[in-house]
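An overview of the molecular structure
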Amino acid sequence: MTYETILTEVHGEGERGRVGLITLNRPKALNAINRQLTEEVLAAAQAFDADPSIGAIVITGSEKAFAAGADIKEMQPQGYIDMYLADWFGAWERLPAVRKPVIAAVAGFALGGGCELAMMADFIIAADTAKFGQPEIKLGVIPGMGGSQRLTRLIGRAKAMELVLTGRFIDAQEAERAGLVARVVPAAELLDDALKTAKTIAFHSLPVTLIAKEAVNRASETTLEEGLRFERRVFHSLFALEDQKEGMTAFIEKRAPAFKDR
Ligand code: CAA
């Protein structure tokens, strides 16, 4: 498939450790998220998810902007019935449903829908130039791609409330202190760092990685008791895999494991 608002590449040679990279590419609009970009990001992410040679996915933007939000020019003329019947932003449910790990590599502005897209990833690596915010309130609306929900779960009610009600931007350091981002790196190293991190993940056993992602996500979906029971049951089930024998045998034999995704 050819895309007009994103670039896609596969990084890594050989059978393991391959990473699918999606680069948002509407530079004139600071990667504002319109309907076309939405469909293209989702199609690319789902294609990488379905490709057995890919172990992890990275989504990034430009030096200036990861994404400056949903496309205000596209939304401005819409009415309630247009938004409701199109279920505007509803398609984004397909991104968190991707089973392989997704890393957002964020430099520059990640505002509104840009911040919300980054939060749909499994974790965010931020450049020291990154700026996060939910400025929708200044446009006479509220976040619509998960900001009021995911930001609150990630950084807590007080800080999420302050950001959503004021539209204030936070820098990468504040985002890291708040728990929004996993790590901050120098801007020049952002993409290399994110790809290296994704390759590390992609070298592990794919089924174990998928289960690990599912288990961590359970923590925000259920009670501690149910979550712990889920974790224990899937932990037990991993002993049916050849990769468990390989991983533990390799440790004992002091060699690198050769996982087979079995
Ligand atoms: N939608 C559409 N176009 C956008 C855009 C957006 N979200 N953000 C920037 N652009 C466009 C600008 O209109 C401008 O285009 P023109 O050259 O044609 O005028 C171009 O990108 C460059 O932007 P600026 O000239 O404004 O660049 P700047 O460096 O002076 O400012 C900025 C950068 C602070 C990010 C500023 O562009 C800005 O405030 N953008 C809007 C941020 C915002 O409000 N985002 C929330 C959108 S609503 C939303 O996301 C809803 C939701 O919950 C999903």
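Use the structure listed above.
I will try to describe carefully the structure that is included in this document. Within each chain, residue numbers correspond to sequence positions counted from 1 in written order. Per-residue local features of the predicted model are confined to residues with pLDDT of at least 70, and side-chain atom pairs are confined, for both listing and counting, to 80 or more; whole-chain, interface and lining totals are unaffected and use all residues. Computation of side-chain values: all heavy atoms of the structure, hydrogens and water removed.

Moving on, we get to the overall build of the protein chain. Secondary structure elements follow DSSP: runs of H or I no shorter than four residues count as helices, runs of E no shorter than two count as strands, and numbering proceeds from the N terminus. What the protein chain contains, in helices and strands, is eleven helices and ten strands. The size measure is the radius of gyration over C-alpha atoms, and the globule rule it meets is 2.2 Å times the number of residues to the 0.38 power. Taken over the C-alpha trace, the protein chain has a radius of gyration of 19 Å; the compact-globule value for 262 residues is 18 Å, and the two agree within 12%. Counting only C-alpha atoms, the protein chain reaches 60 × 45 × 40 Å along its principal axes. The buried label goes to any residue with under 20% of its type's maximum accessible area, the exposed label to any with over 50%, and the partly exposed label to all in between, with areas taken from a 1.4 Å probe on protein chains only. Out of the 262 residues belonging to the protein chain, those deemed buried represent 43%. Throughout, a contact is declared for two residues whenever any of their heavy atoms are within 4.5 Å. The contacts in the protein chain between residues at least 6 apart in sequence include a share of 67% that link residues at least 24 apart. For the charge count, each Lys or Arg is scored as positive and each Asp or Glu as negative, with His and the chain ends excluded. The atom standing in for a charge is NZ when the residue is Lys, CZ when it is Arg, CG when it is Asp and CD when it is Glu. Computed over 31 positive and 35 negative side-chain charges, the separation of the two mean positions in the protein chain equals 3 Å.

On to the packing of helix α4 (residues 113-120) against helix α5 (residues 147-155). Orientation of α4 relative to α5, taken along the N-to-C sense of each, is 55°, at an axis distance of 10 Å. By the angle between their axes, α4 is oblique relative to α5. Pair α4 / α5 crosses with left-handed handedness. Packed against α4, whose contacting residues are Glu 116, Met 119 and Met 120, the element α5 presents Gly 147, Arg 150, Leu 151 and Leu 154 at the interface. Three residue categories are used. Nonpolar comprises Ala, Val, Leu, Ile, Met, Phe, Trp, Tyr, Cys and Pro, charged comprises Asp, Glu, Lys and Arg, and polar comprises the others, including Gly. For the contact of α4 with α5, the per-class residue count stands at four nonpolar, one polar and two charged. Angular values range over 0 to 180 degrees, each being the angle between N-to-C directions of two axes fitted as lines to C-alpha atoms, with helices fitted over their stretch in contact. Throughout this description, any angle smaller than 35 degrees is read as roughly parallel, any larger than 145 degrees as roughly antiparallel, any in the 65 to 115 degree range as roughly perpendicular, and the remainder as oblique. Crossing handedness is defined as follows: a turn of the near helix away from the far one that is anticlockwise and smaller than a right angle gives a left-handed crossing, while the clockwise case is right-handed.

Locating Asn 34 in the fold gives a position in the loop between β2 (18-24) and α1 (35-50). With relative accessibility at 11%, the residue Asn 34 sits in the buried group. For this analysis, a polar contact is any N or O atom pair within 3.5 Å, provided that within protein one partner can donate a hydrogen and the other can accept it, and provided that sequence-adjacent residues contribute only side-chain to side-chain pairs. Engagement of the side chain of Asn 34 in a polar contact is seen with the backbone nitrogen of Gln 36, the distance being 3.3 Å.

A separate point is the layout of surface pockets. In this analysis a 1.4 Å probe is tested at points of a 1 Å grid over the protein atoms alone, and where it fits but cannot get out there is a cavity; an open set with protein on both sides within 12 Å along at least five of seven lines is a pocket; lining residues have an atom within 4 Å of a point. Grid points are joined across faces, edges and corners, and a volume is the space filled by probe spheres set on the points. In this structure, the largest pocket encloses a volume near 930 Å³. Lining the largest pocket are 30 residues, and of these Ala 121, Asp 122, Lys 213, Asn 217 and Ser 220 lie nearest its centre. Put simply, the parts of the chain that give the lining of the largest pocket at least two residues each are α4, β7 (123-127), α5 and α9 (206-218). Broken down by element, the residue count for the lining of the largest pocket peaks at eight residues, all from α9. In terms of residue class, the lining of the largest pocket is built from 17 nonpolar, five polar and eight charged.

A separate point is the sheet that holds strand β8 (residues 131-133). A pair of strands is considered paired only if DSSP assigns at least 2 bridges between the two. The strand order across the open sheet formed by four strands is β4-β6-β8-β9, and the pairing between neighbours is mixed. What marks the edges here is a single partner per strand, and that holds for β4 (65-67) and β9 (170-171). Here β4 pairs with strand β6 (residues 109-111) via two bridges, running parallel. For Ala 65, the partnering residue across the bridge sits in β6 and is Phe 109.

Within strand β3 (residues 54-60), seven of the seven residues are buried, which leaves it mostly tucked inside the rest of the structure. When β2 meets β3, the two strands line up parallel, connected through six bridges. Along β3, the bridge assignment pairs Gly 20 with Ile 57. Of the pairings in the sheet, the one linking β3 to strand β5 (residues 102-106) comprises four bridges and is parallel in character. In the strand pairing of β5, Ile 57 is matched with Val 102.

What follows concerns the pattern of salt bridges. Salt bridges are identified by distance alone: a Lys or Arg side-chain nitrogen within 4 Å of an Asp or Glu carboxyl oxygen. Per the stated rule, a full pass over the model turns up 14 salt bridges. The partner of Arg 16 in a salt bridge is Asp 261, with the nearest N and O atoms 2.8 Å apart. Of the two residues, Arg 16 is situated in the loop between β1 (6-11) and β2 and Asp 261 in the segment after α11 (242-252); the sequence distance between them amounts to 245 residues. Between Asp 122 and Lys 213 there is a salt bridge, and its shortest N-O distance comes to 2.8 Å. Residue Asp 122 is located in the loop between α4 and β7, and its partner Lys 213 is located in helix α9; the two are separated by 91 residues in the primary sequence.

Below, the discussion takes up the packing of aromatic side chains. The pairing test for Phe, Tyr and Trp rings, Trp by its six-membered ring, is centres within 6.5 Å, and the orientation test on the planes gives stacked under 30 degrees, edge-to-face over 60, and tilted for anything in between. With the rule as written, the count across this model stands at three aromatic pairs. An angle of 70° between the planes, with centres 6.5 Å apart, marks the rings of Phe 109 and Phe 169 as edge-to-face. Of the two residues, Phe 109 sits in strand β6 while Phe 169 sits in the loop between α6 (157-166) and β9, which places them 60 residues apart along the sequence. Overall, the relative accessible area of 25% leaves Phe 109 in the partly exposed class. Given a relative accessible area of 32%, Phe 169 falls into the partly exposed group. On the numbers, 5.3 Å between centres and 70° between planes, the contact of Phe 235 with Phe 239 is edge-to-face. Taking the relative accessible area as the measure of exposure, Phe 235 reaches 47% and is therefore partly exposed. Exposure remark for Phe 239: the relative accessible area of 37% places this residue in the partly exposed category. Note that Arg 218 overlies the ring of Phe 230, its terminal NZ or CZ placed 4.0 Å from the centroid. When the NZ atom of lysine or the CZ atom of arginine is within 6 Å of a ring's centre and also within 35 degrees of its normal, the charge is said to sit over that ring.

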